[in-house]
Amino acid sequence: MHRRILFMLATAGILAAPMAHADEALLKKHNCVACHQLDKKLVGPAYSEVAKKYKGQKDAAVKLAEKVKKGGQDVWGQVPMPPNPAVPDADIKKMVGYILSR
């Protein structure tokens, strides 16, 4: 029984890895990594800090998707986040989901 559970968990991890990699690729494709990194602040906050700040907020994904699309300021300091209107909504949804899962 334990082997079956371990096998299922291992398989799920293997299947989840390509999805995470694809979402990371979107962050690179849309140049988000010029200002953000997973675990350290650059120009903007680390993705792990964003996830921590919005943890448990039901509307976090919608709020962050809007911020990616329209830009924002004064949440993480003086430097504004520029708007990204050309990024497809489907890509934003995947990227925000990935960031919130950190």
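Before reading on, note that the structure itself is shown above.
First, a word on what this report is: a plain description of the structure on this page.

Rules used throughout
Residues numbered from 1 in each chain as written. Predicted model: local features only at pLDDT ≥ 70, side-chain atom pairs only at ≥ 80, totals over all residues. Heavy atoms only, no water. Salt bridge = Lys/Arg side-chain N within 4 Å of Asp/Glu carboxyl O. Helix = DSSP H or I, 4+ residues; strand = E, 2+ residues; numbered from the N terminus. Buried < 20%, exposed > 50% of the residue type's maximum accessible area, 1.4 Å probe, protein only. Core = buried A, V, L, I, M, F, W, Y, C linked by side-chain atoms within 4.5 Å. Contact = heavy atoms within 4.5 Å.

**Some remarks on the pattern of salt bridges**
Scanning the entire structure with this criterion turns up two salt bridges. Between Lys 63 and Asp 59 there is a salt bridge whose closest N-O contact spans 3.9 Å. In this structure, Lys 69 engages Asp 89 in a salt bridge whose closest nitrogen and oxygen atoms are separated by 3.1 Å. Separated by 20 residues along the polypeptide, Lys 69 in helix α3 (residues 60-70) and Asp 89 in helix α4 (residues 89-100) bring together distant segments of the chain. Classification of Lys 69 as partly exposed rests on a relative accessible area of 24%. Taking relative accessible area as the criterion, Asp 89 reaches 55% and is therefore assigned exposed.

**Looking at the nonpolar core**
One finds Leu 27, Ile 92, Met 95 and Ile 99 to be the most contacted residues of the largest nonpolar core, which totals 15 residues. For this core, the secondary-structure elements that each account for two or more residues are α1 (2-29), α2 (47-54), α3 and α4. In this view, Leu 27 contacts Cys 32, Val 33, Tyr 47, Met 95, Tyr 98 and Ile 99; residues no more than four positions away in its chain are not counted.

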